[in-house]
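Chain by chain, the residues run as shown.
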Amino acid sequence: MPYVDATDATFQTDVIDRSMTVPVVVDLWAPWCGPCRTLGPIIEKVVDATNGQVVLVKVNTDENPGISQAFQVQSIPAVYAIKDGAVVDGFMGAYPEHVVEEFIASLLPSEAEATVASLLAEGTEGAYRKVLELEPGNEDAIVGLAELLVERGENDQALQFLARIPESDRTRLVA
């Protein structure tokens, strides 16, 4: 199935938590809404073409009034893009496929973001150092590199890297 049907009860997991790792498009619709029936298949097709880089969550507003209230929905269809737990974009009404494609494309990671994500997933010292060449303040790379250095007993060098970013529970754990 190319999408998830969210409910008031599953919204936190299906949308907010999921948006921490991948952009989530929320399609608020109702069975009686003609424009919703037009837009639905278009959004499904366009999101499906991202091969998992964007996730679609559909919400029946008649069955889930809590979600409708949270988004302060005035009319449907209403579509919102969520990244890192926050709304980053949205639109109301039914639009043609090329407009929906542009909306979804704006949510895809850039080539640089994809490279950084791939290097972070690699988790090696060399990969972390490459990330820091691209983004000197990348917290994930700094903490990952510091952890590797501590494992090798290079605590002073680890602390030098950690000093680049604000102290947090994560950095205190490594230090």
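Residues numbered from 1 in each chain as written. Predicted model: local features only at pLDDT ≥ 70, side-chain atom pairs only at ≥ 80, totals over all residues. Heavy atoms only, no water.

### Structural notes on the sheet that holds strand 2 (residues 24-29)
Moving on, step 1. One open sheet holds the 5 strands; their spatial order is 1-3-2-4-5, and the pairing between them is mixed. Of all the strands in the sheet, just strand 1 (3-5) and strand 5 (86-92) have a single pairing partner and so form its edges. On average, each strand axis in the sheet is tilted by 25° relative to the strand beside it, whichever way the strands run.
Moving on, step 2. By the bridge criterion, 3 bridges tie strand 1 to strand 3 (residues 55-60) in an arrangement that is parallel. Counterpart to Y3 in the pairing with strand 3 is L56. (Pairing = 2+ DSSP bridges. Helix = DSSP H or I, 4+ residues; strand = E, 2+ residues; numbered from the N terminus. Axes fitted to C-alpha atoms, helices over the stretch in contact; angles between N-to-C directions.)

### With respect to the packing of aromatic side chains
Moving on, step 1. Using the criterion set out here, one finds 4 aromatic pairs in the structure.
Moving on, step 2. Centroid distance F11 to F71: 5.9 Å. Interplanar angle 80°. Geometry classified as edge-to-face. Note that F11 is positioned in helix 1 (residues 11-17) and F71 in the loop between helix 3 (65-70) and strand 4 (78-83), a separation of 60 residues in sequence. Of the two residues, F11 and F71, both sit in the buried class.
Moving on, step 3. Taking the centre distance of 5.0 Å and the plane angle of 90° together, the rings of F91 and F103 count as edge-to-face. Of this pair, F91 sits in strand 5 while F103 sits in helix 4 (residues 97-105), and the two are 12 residues apart along the sequence. We note that F91, like F103, is buried.
Moving on, step 4. Here the aromatic cluster, defined as three or more aromatic residues joined through ring pairs, consists of F11, F71 and Y80. (Phe/Tyr/Trp six-rings, centres within 6.5 Å; stacked < 30°, edge-to-face > 60°. Buried < 20%, exposed > 50% of the residue type's maximum accessible area, 1.4 Å probe, protein only.)

### Quick look at the environment of Q74
Moving on, step 1. Counting through the fold element by element, Q74 comes out in the loop between helix 3 and strand 4.
Moving on, step 2. Separated by 15 residues in sequence, Q74 and V59 place their C-alpha atoms 15 Å apart.

### Some details on unusual backbone geometry
Moving on, step 1. A cis amide bond links I76 with the next residue in sequence, P77, at an omega value of 5°.
Moving on, step 2. By the element assignment, P77 lies in the loop between helix 3 and strand 4.
Moving on, step 3. Positive phi values are uncommon outside glycine, yet N51 reaches one of about 55°.
Moving on, step 4. Position of N51 among the secondary structure elements: in the loop between helix 2 (34-48) and strand 3.
Moving on, step 5. According to the relative accessible area criterion, N51 is exposed, its value standing at 70%.
Moving on, step 6. Even without being a glycine, D84 presents a positive backbone phi close to 50°.
Moving on, step 7. Along the chain, D84 turns up in the loop between strand 4 and strand 5.
Moving on, step 8. Since its relative accessible area comes to 55%, D84 is described here as exposed.

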